[in-house]
Amino acid sequence: MAENGVILALAKVASAFGDDGLNFGILSLFNIFLTLTSLPNCMQSIENELLVMKGFLSQIDSRQFNDEAFNAWLGQVRKLACMIEDTMDEYIFLIHKQSGNGFFNFVKRVFNVPFVLFEMWSISNRLKRLKIELIRISQVKDRWVHMVNNEFNMVQVRSFGGNINQSYFDDFVKEEELVGIERNREKLVNLIQIKEKSLHVITVWGMGGLGKTTLVNNVYKREILTFDCHAWISISQSYNIHDLLRKLIVQLFEEQNDQNPSDIHMMDCRILKETLKMLLEHKCYLIVLDDVWNPDVYDKLREFFPENGLGSRIIITTRINEVALLANEFCKLEIKPLDEYDSYYLFCKKAFWKDKKHLCPPKLDEWARKFVKKCKGLPLALVSIDYIMKRSRIVRLWIGEGFVEERGSSKLEEIAEGYLTELLQRSLLQLVEKNSFGRVRLCKMHDIVRELAISLSRKECFHEVYDENSGVPWGEFENSFTRRARFCVQLCDSLKELWFLSKLEIFARNEDEVLQLEYLNPLPSNLKKLHINGKLAERTLDSPFFLDRAKNLKVFDLGWSQLDENPFLSLSKMTWLTTMRLVRVYNGNSICFRAGWFPNMKILVMKDFLNIDKVEFEEGTLMNLTWLRFEGFKELIDLPNGIGFLKSLEKLFLLELHVKFRSRYSTRTKTRGN
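What comes next concerns the included structure. Because the structure is a prediction, the values reported are computed rather than measured.

What about the sheet that holds strand β1 (residues 200–205)?
Spatially, β2-β3-β4-β1-β5 is the arrangement adopted by the 5 strands of the open sheet, whose pairing is parallel. The sheet terminates laterally at β2 (229–234) and β5 (332–334), the two strands that pair on one side only. Strand-to-strand twist in this sheet, taken as the mean axis angle between neighbours without regard to direction, amounts to 15°. Pairing of β1 with strand β4 (residues 313–318) involves 6 bridges; the strand directions are parallel. Paired with Trp205 across the bridge in β4 is Thr318.

Considering the packing of helix α15 (residues 340–351) against helix α16 (residues 362–375)
At a minimum axis separation of 10 Å, α15 and α16 run at an interaxial angle of 115°. Relative to α16, α15 is oriented so that their crossing is right-handed. Facing Glu340, Ser343, Tyr344 and Phe347 of α15, the residues of α16 in contact are Asp365, Ala368, Arg369, Phe371 and Val372.

Details of the sheet that holds strand β16 (residues 603–607)
With parallel pairing, the 7 strands of this open sheet are ordered in space as β9-β11-β13-β14-β16-β18-β19. The outermost strands of the open sheet, each flanked by one partner alone, are β9 (503–507) and β19 (651–655). Put simply, the sheet's adjacent strands are angled 0° from each other on average, direction ignored. Bridging between strand β14 (residues 579–583) and β16 involves 5 bridges; their strand directions are parallel. Within β16, the position partnered with Thr579 by the bridge is Ile603.

What about the side chain of Asn218?
You can see Asn218 is positioned in helix α10 (residues 212–223). Of the residues examined, Asn218 reaches a relative accessible area of 6% and is grouped as buried. For Asn218, the side chain forms a polar contact with the side chain of Arg222, separated by 3.4 Å.

Calculation criteria
- Sequence order as written defines residue numbering, which begins from 1 separately in each chain.
- Since the coordinates come from a predicted model, pLDDT governs what is reported: local features require at least 70, and pairs of side-chain atoms require 80 or more to be given and counted, while whole-chain, interface and lining totals use all residues.
- To get the side-chain values, take all heavy atoms of the structure and skip hydrogens and water.
- Strand pairing requires that DSSP identify at least two bridges connecting the strands.
- Starting at the N terminus, helices and strands are each numbered in turn, a helix being any DSSP run of H or I of at least four residues and a strand any DSSP run of E of at least two.
- To obtain an axis, a line is fitted to C-alpha atoms, over the contacting stretch when the element is a helix, and the angle between two such axes runs from 0 to 180 degrees between their N-to-C directions.
- Crossing chirality is assigned from the near helix's rotation relative to the far helix, an anticlockwise turn below a right angle marking it left-handed and a clockwise turn marking it right-handed.
- A contact between two residues is defined here by any heavy atoms of the two lying within 4.5 Å.
- Exposed residues in this analysis have more than 50% of their type's maximum accessible area, buried residues have under 20%, and partly exposed residues fall in between, with area computed by a 1.4 Å probe over protein chains only.
- Here a polar contact means two N or O atoms within 3.5 Å. Within protein one must be a hydrogen donor candidate and the other an acceptor candidate, and residues neighboring in sequence count only if both atoms are side-chain atoms.

This is the structure in structure tokens:
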């Protein structure tokens with residue numbers, strides 16, 4: 001993972017050399033400039049240096065290497081790689097902006113010569129400085145970062161098994177957040193501390209989501225001080241015995257602050273057994289085997305754990321009763337669901353964390369208890385949040401960001417789906433739904449895994465998350481965005497050149513930001529779906545952004561614009577729309593659909609028009625509408641006037657309207673029934 005930033009920077013430099021990047025640069029407009037400067041040689045030197053650095057970092061797992069000097073050096077490498085990537089983005093954009101055939105493009109290039117030369121000069125000087133800094137950082141490593149072969153070989157163990165170590169999650173499960181474990185914790189501690197000095201196996205078992213691992217981890221951190229050595233390994237359904245042994249050995253060496261054997265990845269079963277025996281034979285040890293699915297695992301590992309009569313303990317967590325039987329009856333601890341009181345308390349702690357007393361608002365109490373009852377006492381179900389993601393969107397984003405590397409004749413989409421499959425196999429993502437062809441359609445990420453991913457990404461300088469509710473000022477992140485901001489107008493210009501773009505989504509950063517869409521004028525001519533979420537500048541709906549060259553637009557979603565002026569006269573000019581979804585768009589009191597409006601509309605969804613108390617349909621409006629949904633019209637008391645004019649309407653949904661609407665029409669229904 002340490003080499004990720006270097007790989008991205010290297011890809012950008014290679015992109016400048018490939019894809020005719022420099023060929024564009026040697027157009028007649030730049031011949032003199034490129035001849036007088038050393039830009040190509042500078043870029044080649046940077047690429048060569050990055051290639052060597054990538055090879056070096058690919059051998060290192062910074063998550064397991066704790067040398068402060070190395071980590072400080074690696075931080076400098078990441079920052080420099082980001083700067084190189086950004087500079088190459090500028091260069092590639094500038095070169096491609098000067099491409100294109102035709103008289104108009106020729107004239108534009110001629111008039112842009114001074115600007116382009118200045119930008120190329122600026123980029124060239126910047127790359128020279130970056131090259132000098134890159135060489136300096138390489139020399140710093142040689143002076144201050146001392147790597148011995150043993151350390152290199154140690155970190156190669158990172159590939160064994162592919163599981164996440166439990167210690168990664170320690171920071172995300174705090175002592176005060178644990179609910180309902182006191183009794184089980186006391187039982188487990190008593191089992192560990194029994195006076196018998198023979199080796200005892202303790203099994204903690206129960207269905208998934210009950211918090212077995214959380215309980216054991218909590219006790220493990222408390223009890224390790226009473227043992228001479230300790231280790232924790234996660235097993236899961238797919239495992240390799242040799243890899244598990246290597247993990248144990250690595251943890252035991254690290255726990256004793258000793259260097260790992262340099263040839264650990266080459267050891268056979270006999271040498272692994274001898275090494276493990278040497279580490280455990282004369283010590284009281286505590287070993288945790290987490291998430292064991294098959295009793296055969298322990299049967300294969302048992303011979304490696306010496307019975308030395310020093311009070312050693314092995315704890316196994318499992319959801320399989322057959323595995324639980326590995327322990328004597330008195331050493332089995334069954335975890336059961338939380339009772340109603342603890343379930344409700346845990347839910348309120350998580351759901352209403354801002355409140356010091358974690359009290360549920362009275363108006364939500366009924367729903368909270370229904371939710372708690374549905375979770376059936378499973379802590380994981382009560383506190384977890386799953387982030388649902390579409391396979392197609394993930395794949396496109398990975399490819400667009402340059403994360404997918406070409407492999408032979410395989411398509412980038414196929415390679416990206418391979419990445420996704422690997423994440424699913426490693427349980428970093430969970431499968432939600434497959435399509436009719438058996439491919440992943442939806443997957444989800446648990447919130448704890450998301451927190452882990454964010455933590456590691458921040459450490460790798462890979463990304464940053466801004467949350468206005470966290471109290472972190474925007475200014476702290478401003479530098480990372482400023483270098484992108486000056487490309488905003490150019491980005492909009494580029495979007496207009498995407499002739500085959502069929503779907504575009506635009507979101508405001510928060511509900512107060514006003515979207516300035518004038519730069520996106522006009523829309524790409526083949527755009528079919530447009531989704532805008534955020535406040536709009538005045539008269540935006542009357543601009544050519546919506547009305548010019550957007551004749552192919554069929555689906556339009558608009559949300560949270562909260563306009564004071566009636567938007568429907570402007571929207572009605574988009575006569576080609578077949579589907580329109582509007583959420584909290586208008587703050588007015590009434591809506592009237594005029595004759596002739598939306599002749600091709602088939603689906604209309606309107607939600608959270610909180611002030612609307614009157615809706616009217618004129619004869620001749622929405623002539624082809626088949627599906628209509630009104631939701632969250634809190635002031636609407638009666639049916640829309642003229643709804644009978646919608647002759648083609650097949651389905652009508654009226655949800656969350658004024659309370660009088662429900663009572664009025666439920667009474668009418670009963671009267672007619674009588």
